[in-house]
Every structure is written in structure tokens, then in C-alpha cells.
Amino acid sequence: MSTESEDAVLVEHTDVKEVPSSTTEETATTTVPAVSDDEESVDMDRPRPLQIVSVGTEDDKFAFEFHEEQLNTIMRRIPPGWKVAVVSVVGAFRTGKSFLLTWFLAYLRQLKESGSTADLDSGDKKWFEKIESIENDAFHWRGGAERNTTGIWMWSQPHFVKKGDENMAVLIVDSQGMFDNETTMSLTASIFGLSTLLSSYQIYNVDKRIQEDNLQQLALFSEYARLAVEGTDSIPANKEDKRPKPFQTMEFLVRDWQHFEDEEDYDRMEEEMNEYMEKVISEEKEAKDLQETREQIHACFEKTTCFGLSHPGMAVIKKNFKGEVAKMDETFLNLLDRYCRRVFSVDNLTPKVIQGREVTAAELGSFIKAYAEMFASGASFPEASTMLEATATANNSNAVNLAIKKYKDYMNHVSGPKCTNYIRPKELEDDHRQLLMKAMKEFDSMATFGSRQSIDEARKNVLEKIAEEFEVFCSLNEGRNPLAGLETYIIPIAIATASYILRAVADFTCSPYSQTCRATSELLSHIYAVVIIFLLIIGATKAQQLKEFFGRMKAAVEIVANGGDTKQKKD
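Note that the structure is a prediction, hence the values are computed from the model and not measured.

**Student:** Even after reading the chapter, I still don't get a negative patch on the surface, so can you show me in this structure?
**Tutor:** Taken together, the side chains of Asp124, Glu129, Glu261, Asp262, Glu263, Glu264, Asp265, Asp329 and Glu330 make up a negatively charged region of the molecular surface. Note that glutamate 129 resides in the loop between α2 (97–114) and β4 (152–155). Classification of glutamate 129 by relative accessible area gives partly exposed; the value is 42%.

This is how it looks when you write it as C-alpha cells:
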């Protein structure tokens, strides 16, 4: 696979103010199309994995270190307001997670080049047969016994898709392998828990079969994650419970599955995996602990599925393997094709949901930051109360931002910079109260999680910030007051008018032979002449202000004529 920027798999959205044209085009298939690359992107913008969480510092080799700027680099490429789906892979070390994700990216590149799933295969040649080697220019992988990926990595450029009428970004995440001889159980729980908290489609990579310890680990780690978003006093949802489950899709991907009855019938092979999953995850177990494990998993995830991949071939596991597709097993490649289409189909790509609502990229970034910083020390798994507090803080922060944005959007239509009409202070105050109520209703509908004290503090923060915004809007409105600044022009005009009238009276009543009368008349004429010259100078240098002055005079007359009604507001 080439490393040139024009061969990048995913696409950077370089202008967040516009929806990429490719995302608005309809396709004839159920899988969304990819969009084209920015040909002018520089090497630093070349698609690559970015480490958002690293493990180990100089002081603590098990500590989590969150790289906020790396995450922001990715999130800035998603248009404001877009929802986000997150596909992540977790599992034991050296089970091919990064290898799988590299294939995902290769699939998306081929999808981009073909335009739709219907055109992926050309003639008798399938899309994966067009690739000579997948190499190591995506998520880094290699054969051998030593672990390769550490921490949590995210692909630098989102994949933009269209689902129905909604545009959505897809993020791909790789995580450190678990259960090696260097990773503590607490650190393993932290990695699994953080991946669960941020993903909407989580793939649990397991080797050869789903064993009971896989289910127990999933139940344990997902319970900690559930406590983070529901609280310590919450009760897990059951089948009869109408509450939304905290997490979305958990898919077991069984690698090197050896028990397919017929490796020529791929439809039947998928059916066999579904039957296997139903048997493994069934709650009808005699032993109580086995039953409780499965109940816990069902309580945490909306959907639990399974897919099996056969062994990719003995050449793949060798250290000198360079990713040559020709050396891979044909059955593995055909199953991989079906799996890529499955993961990135419209039906399976759903936005990330937290607290029952689909979150935007900015909101997801806040949650990821809160969760990652919560795992300050991977050697000690956070208490559920700490996880609850982190979730509540991020949720309240998003609620504050949303409420203020709603208020500003409303007020911009009433008395924003683009408005032209002046509004009487009392009317503006009334509008402010109504819009404040709407903004706080928006806040209250979202800030429903966490302690009452934290919610009250966030609510107080909203009120303070809205009060500051209202002062700004009042200043903008006062600047449009037709009576503001009129003294600059009215006083000189009044002096000139009075001087002219007094001179006319003096000329009419006084004797033309009176020296006093002539001096008075000349003085008054000089006064209004000076004033007129002064106004002409102002007119020559401040034509725009004069135009505004006459506009204000007109508005003032209209206000008087309409009896003080100023309810008409224009953007």
C-alpha cells in the first residue's frame, strides 16, 4: 500500500462549514460511500494513527497519559453538529487487532475508489485481489510473540458517511492488547473500560472460541463502565426494563475458527456463527454464576453478536511476513470481505449514544477527555464514584454549552449584530426572560445526570454567562437607539436656529441707525454662520454618521407616530 497522501484511506474534512459533496450523493447499496481525498494535503496531514492515550510515564510505568491535542486534531476535522460513530477493537495481545484494522482501512480505500459496494469488485476480480500487500502504513502490526500496540490509538482522519438524511463521521480506534506478561489486571480493566465508554461498535477479538473467561471479563469490565454512566445506585436493565442500555453493540470476533462444516458455503458459515453465539450467550444455564454473567452482558449492551474468521494462513504469523495478500488463505479473505461489508453497513453504523442521546463530535471529545483523565493511574482502577463524577462533569459541561448556544442563537435574531431596528429596553427584557426560559429548559433536559450539587453549580454557571451575554445584547441594542447621540447635532442646530430668530427679531424691531442693534444682528449672524459651517464640516467628514442621524430621526418619528410600538425586529 502506498504511503502517498493521495492514496489515503480516510478523508479530512478541510472546510467544516460545508458538507462534503460526496456525502450527499445517494448510492444504490446499503453501504455508505467514502469520499475523495484532499489532493493538496501536506505530509503532516497524511492519514495515520494518532495516540490519544499512552501508557507509562517516568514516574509510573502503569499511568495513563491523555494526549488532548492529538484528539483535538481529529475532532476539528468533523463539521460542527455532526454525530459520530466509533468502531473500536479490544482483545488479548497478539491476536491480530491491528492487522484487522489495517484491513478495514484497505477496504475503505477500495470503497472510496469504486464509489459503492456494488462496484467494489471489477469483473472476476474481488476488491482484496487488487491489493498486492497491505504493508504497515496504517495501524502498525507485525508477526511474532511480542506485543506491538500500546495505549489507545485513533485514525487521524474521520470517514464521512450519509445515513438517511443525516451526515455522520466514523472514527476507528485500536487499543493495547490485554493479558500479556507486562500489563496488570487493573490496567487491562482501564483499557477495556475506556474503549467501551467511547465506542458505539466494539469488537471483542477472541482466539479460536468464546471461552467462559472471555464472558466473565466482559461482564466485569462492562459493569465498571456501566457504573460510570449510570451511577453506583443504579440497577442494571433487564429484559422487561424500558430504560436504554448504556452501551450499543458488542461483537465477538472469533479468530482462527476451525469448526465450519462447509467452507464453501459462506451464508451457512455465518448462520453457524449466529447459532454458536446464541448457544454461548444464552441465559438458560444451570449454574447461577454462569447465568448472572450473561444477564450482566445483556443488561449492558443493546446488541451482542458474533462473527468468525478462519486462520489467515501460516505465512501470516511469521516475522518476515510483509503483508502479501497472495500468501493469505482464500477462505479467510472471503470471510474478511463479508465482515468488512457487515461492519461498515448503514444498519450497523449508528452514532455514539451517552445518557440516551446521540452526541456530537465536540460532546464526544469532552467525554473522552473526562474519561481518559479519570484513569490518571492505570495501576489502580478508578472507583465507580470517580467515574460517575467524570461523566457528570462532562455531561454538565456539554449542557452548559448547549444552553448558552441556544440563548445566543435566539437573541441574535432579536437583537444581534445583524439586526437594524431598536427595541425598547422593557421589550428587550421581556424577550430575554422568554429566551432564558427556553435555554434553561434545554439545559434541564440534558443535565439530568450526576449529583444535585454539580447540576446546580452548572445551572448557576449558565445563568451567569447568559447574564453577561444579555449585557452585550443590550449594548448592541442601545447603539441602535434613534435618540442616542442626537445632542451632538440638536444643540448646535438649536443655537443656530435661536440666533437666526433673534437676529430676525432684532432687524425687525430695532432702528437701522442703532449701533447696538447692528452689532447685535451681526453677532447673531456670525453665531449661526459658525454653527452652519461647523455642521457642514461634520457633514463632510462624517457622512455615514449623518446618514445614521437622519435614519434615527425617521425612526424616532415612527416611534412617536406608532405610539411607542417597536415590536418589529429584523435580522
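Still to come is the rest of the account.
**Student:** In this structure, what is going on with the confidence of the model for the protein chain? I would like to understand it.
**Tutor:** In regions of low pLDDT, the predicted coordinates are not meant to be interpreted in detail. Taken over all residues, the pLDDT of the protein chain has a mean of 77, while the share at 70 or more is 74%. In the model of the protein chain, helix α14 (residues 543–561) stands out as the element of lowest mean pLDDT, 63, in contrast to helix α7 (residues 330–343), which has the highest, 93. Low pLDDT (under 50) marks residues 143–148, which in the prediction has 21 contacts with non-local residues, meaning those over four places away or in another chain. Residue range residues 566–571 is modelled with pLDDT below 50. Its contacts to residues more than four positions away, or to other chains, number 18 contacts.

**Student:** For this particular structure, what's the right way to read the nonpolar core?
**Tutor:** Generally speaking, soluble globular proteins have nonpolar side chains that are buried together. By size, the foremost hydrophobic cluster in this structure holds 104 residues, and its most contacted members are Trp103, Phe104 and Ile210. Setting aside residues no more than four positions away along its own chain, tryptophan 103 makes contact with Trp127, Phe128, Ile131, Ile134, Val325, Met328, Phe332, Leu333, Leu336 and Cys340. Among the nonpolar cores identified, the runner-up in size contains 22 residues, and Met411, Val414, Ala447 and Ala458 belong to it.

**Student:** Please clarify how the packing of aromatic side chains should be interpreted in this entry.
**Tutor:** For any pair of aromatic rings, the description rests on two quantities: the centre-to-centre distance and the angle between the ring planes. Tallied over the entire structure, the rule returns 16 aromatic pairs. A centroid spacing of 5.2 Å and a plane angle of 90 degrees characterise the contact between phenylalanine 104 and phenylalanine 344, whose relative ring orientation is edge-to-face. A residue pair is termed long-range when its members are at least 10 positions apart, and phenylalanine 104 in helix α2 and phenylalanine 344 in the loop between α7 and β10 (353–354) qualify at 240 residues. Taking the relative accessible area as the measure of exposure, phenylalanine 344 reaches 1% and is therefore buried. The interplanar angle of 80 degrees and the centroid separation of 5.7 Å between the aromatic rings of tryptophan 127 and phenylalanine 128 together place this pair among those described as edge-to-face. The two residues tryptophan 127 and phenylalanine 128 agree in class, both being buried. Three or more aromatic residues link up through ring pairs in this structure, and these residues are Trp103, Phe104, Tyr107, Trp127, Phe128, Phe307, Tyr339 and Phe344. A cation over an aromatic ring shows up here: lysine 438 above the ring of tyrosine 410, its NZ or CZ 5.4 Å from the ring centre.

Basis of the calculations
- Residues numbered from 1 in each chain as written.
- Predicted model: local features only at pLDDT ≥ 70, side-chain atom pairs only at ≥ 80, totals over all residues.
- Heavy atoms only, no water.
- Patch = residues over 30% accessible without salt bridge, like charges linked within 9 Å, V, L, I, M, F, W, Y side chains within 5 Å.
- Areas by Shrake-Rupley, 256 points an atom, 1.4 Å probe, with all protein chains shown as cover.
- Salt bridge = Lys/Arg side-chain N within 4 Å of Asp/Glu carboxyl O.
- Lys, Arg positive; Asp, Glu negative; His and termini not counted.
- Charge placed at Lys NZ, Arg CZ, Asp CG, Glu CD.
- Helix = DSSP H or I, 4+ residues; strand = E, 2+ residues; numbered from the N terminus.
- Buried < 20%, exposed > 50% of the residue type's maximum accessible area, 1.4 Å probe, protein only.
- pLDDT = per-residue confidence, 0-100.
- Contact = heavy atoms within 4.5 Å.
- Core = buried A, V, L, I, M, F, W, Y, C linked by side-chain atoms within 4.5 Å.
- Phe/Tyr/Trp six-rings, centres within 6.5 Å; stacked < 30°, edge-to-face > 60°.
- Lys NZ or Arg CZ within 6 Å of the ring centre and 35° of its normal.

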